[in-house]
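Listed below, chain by chain, are the residues.
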Amino acid sequence: MERIPPGQIVTERFPILTYGEEPRVAPEAWRLEVGGLVEEPFALTYAELLALPQVELTRDFHCVTRWSRLDVTWRGVRVKDLLERARPKPEAVAALVHAYGGYTTNLLLEDLLREDVLLAHTLFGKPLPPERGGPVRLLVPHLYAWKSAKWVRAIELLDHLELGFWERMGYHWRGDPWREERFQEGPIPAASLRFRSKKT
Ligand SMILES: Nc1nc2c(c(=O)[nH]1)N[C@H]1C(S)=C(S)[C@@H](COP(=O)(O)O)O[C@H]1N2
Ligand SMILES: [Mo]
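Everything numeric in this text was worked out from a predicted model, so none of it was measured. (Residues numbered from 1 in each chain as written. Chains lettered and ligands numbered in written order. Predicted model: local features only at pLDDT ≥ 70, side-chain atom pairs only at ≥ 80, totals over all residues. Heavy atoms only, no water.)

### A few points about the pairing of strand S8 (residues 118-123)
Then, number 1: S8 sits mainly inside the fold: 6 of its 6 residues count as buried.
Then, number 2: Pairing between strand S5 (residues 67-78) and S8: 5 bridges, direction antiparallel. Following the sheet pairing, Gly76 is matched in S8 by Ala120.
Then, number 3: Alignment of S8 against strand S10 (residues 137-139), held across 3 bridges, turns out to be antiparallel. The partner of Leu118 across the bridge, within S10, is Leu139.
Then, number 4: Across 2 bridges, the pairing between S8 and strand S9 (residues 126-127) is antiparallel. Considered in S9, the bridge of Leu123 is made with Lys126. (Buried < 20%, exposed > 50% of the residue type's maximum accessible area, 1.4 Å probe, protein only. Helix = DSSP H or I, 4+ residues; strand = E, 2+ residues; numbered from the N terminus. Pairing = 2+ DSSP bridges.)

### Concerning empty space enclosed by the protein
The rolling of a water-molecule-sized probe over the atoms marks out the regions of remaining empty space.
Then, number 1: Considering all chains together, one arrives at 1 cavity of 30 Å³ or more under this definition.
Then, number 2: Looking at the largest cavity, its volume works out to about 30 Å³.
Then, number 3: Along its surface, the largest cavity is lined by Asn106, Leu107, Leu108, Asp111, Leu143, Lys147, Leu161, Trp173 and Arg174.
Then, number 4: A per-element tally of the lining of the largest cavity places strand S7 (residues 104-108) first, with 3 residues.
Then, number 5: Split by residue class, the lining of the largest cavity holds 5 nonpolar, 1 polar and 3 charged. (1 Å grid on protein atoms, 1.4 Å probe; cavity = no way out; pocket = protein on both sides within 12 Å on 5 of 7 lines; lining within 4 Å. Points joined across faces, edges and corners; volume = space filled by probe spheres on them. Nonpolar A, V, L, I, M, F, W, Y, C, P; charged D, E, K, R; others polar.)

### Re the packing of aromatic side chains
Then, number 1: Using the criterion set out here, one finds 12 aromatic pairs in the structure.
Then, number 2: Ring centres 4.9 Å apart and planes at 45° place the aromatic pair Tyr171 and Phe183 in the tilted group. Note that Tyr171 is positioned in the segment after helix H4 (165-168) and Phe183 in the segment after H4, a separation of 12 residues in sequence.
Then, number 3: Assessed through its relative accessible area of 18%, Tyr171 is described here as buried.
Then, number 4: Classification of Phe183 by relative accessible area gives partly exposed; the value is 43%.
Then, number 5: Between the NZ or CZ atom of Arg85 and the centre of the ring of Phe42, over which it lies, the distance is 4.0 Å.
Then, number 6: Residue placement shows Arg132 over the ring face of Phe14; its charged tip is 3.7 Å from the ring centre. (Phe/Tyr/Trp six-rings, centres within 6.5 Å; stacked < 30°, edge-to-face > 60°. Lys NZ or Arg CZ within 6 Å of the ring centre and 35° of its normal.)

### Brief notes about the environment of Val152
Then, number 1: Topologically, Val152 is positioned in strand S11 (residues 152-158).
Then, number 2: We classify Val152 as buried; its relative accessible area is 0%.
Then, number 3: Here the alpha-carbon distance between Val152 and Glu33, two residues 119 residues apart in the chain, equals 9.3 Å.
Then, number 4: Contact partners of Val152, with chain neighbours within four places excluded, come to Trp30, Arg31, Leu32, Val97, His98, Ala99, Tyr100, Leu119, Val136, Arg137 and Leu138. (Contact = heavy atoms within 4.5 Å.)

### Brief notes about the side chain of Asn106
Then, number 1: In this fold, Asn106 is placed in strand S7.
Then, number 2: In terms of polar contacts, Asn106 uses its side chain to reach the backbone amide nitrogen of Gly164, at 3.0 Å.
Then, number 3: Once you skip the residues sitting within four places of it in the chain, Asn106 turns out to touch Ala95, Leu96, Lys147, Leu161, Glu162, Leu163, Gly164, Glu167 and Trp173. (Polar contact = N/O pair within 3.5 Å; in protein donor to acceptor, adjacent residues only side chain to side chain.)

### Some details on the site of ligand 1
Then, number 1: Neighbouring residues of ligand 1: 19 residues in total, closest Pro15, Leu17, Tyr19, Arg137 and Lys150.
Then, number 2: Here an oxygen atom of ligand 1 and a backbone polar atom of Leu17 are 2.9 Å apart.
Then, number 3: Within the contact set of ligand 1, an oxygen atom lies 2.7 Å away from a backbone nitrogen or oxygen of Tyr19.
Then, number 4: Considered on its own, ligand 1 offers 530 Å² of accessible surface; in the complex 97% of this is hidden by protein.
Then, number 5: Judged by the proximity of its atoms to the pocket grid, ligand 1 belongs to the largest pocket.
Then, number 6: Partitioned by chemical class, the residues of the shell around ligand 1 number 14 nonpolar, 2 polar and 3 charged. (Near = heavy atom within 4 Å. Areas by Shrake-Rupley, 256 points an atom, 1.4 Å probe, with all protein chains shown as cover. Sits in = over half its atoms within 2 Å of the grid points.)

### Overview of the side chain of His98
Then, number 1: Take His98: it is sitting in strand S6 (residues 94-99).
Then, number 2: Dropping the residues within four chain positions of it, His98 is found in contact with Tyr103, Thr104, Val152, Arg153, Ala154 and Glu156.

This is the structure:
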């Protein structure tokens, strides 16, 4: 497989992209809430996050505005581990991720359960800087970078698709860079909502 998704241009730089004000969240004040359609909703502190099993990985980062930054090294906790602890109800198929400052983005539960989806607190060996979403951001390397919500605050599991900030503005409901899912052209096809009928 090609390394660079179609229509992307590699940059040596690593631009900072934030819509609106940059929220300031002290590590001591940071909380992650895992809730919605789960059996065991819980909140996590920064200290608790650091005490969990840690993963380090290096991944390329693809922004829908066409820049790709290769080989970014992150450290954090697998979102999968946290979701397993919360125990999603059978009808949970999607998530709305909420950030401090009001930003949101939607994801399929199956996309959040990938092994390389992290709650990242470290970037290139240093604490995640505030402008990068510190103290903690989401990293979803297999989708466009707008899914990697900075200053993440909550993961809310849902039995339906609820669009996030950019998705409501016309960006693609899923955002796979390999399929160039940049903008939502036309209505979201019913086939994409297959996850609605996953109910058991
Ligand atoms: N909370 C929040 N998260 C966000 C954004 C934002 O504006 N607010 N921008 C997104 C977009 S469009 C991109 S490309 C990446 C950029 O991450 P970076 O600033 O670390 O490069 O963050 C994503 N996460
Ligand atoms: Mo972006």
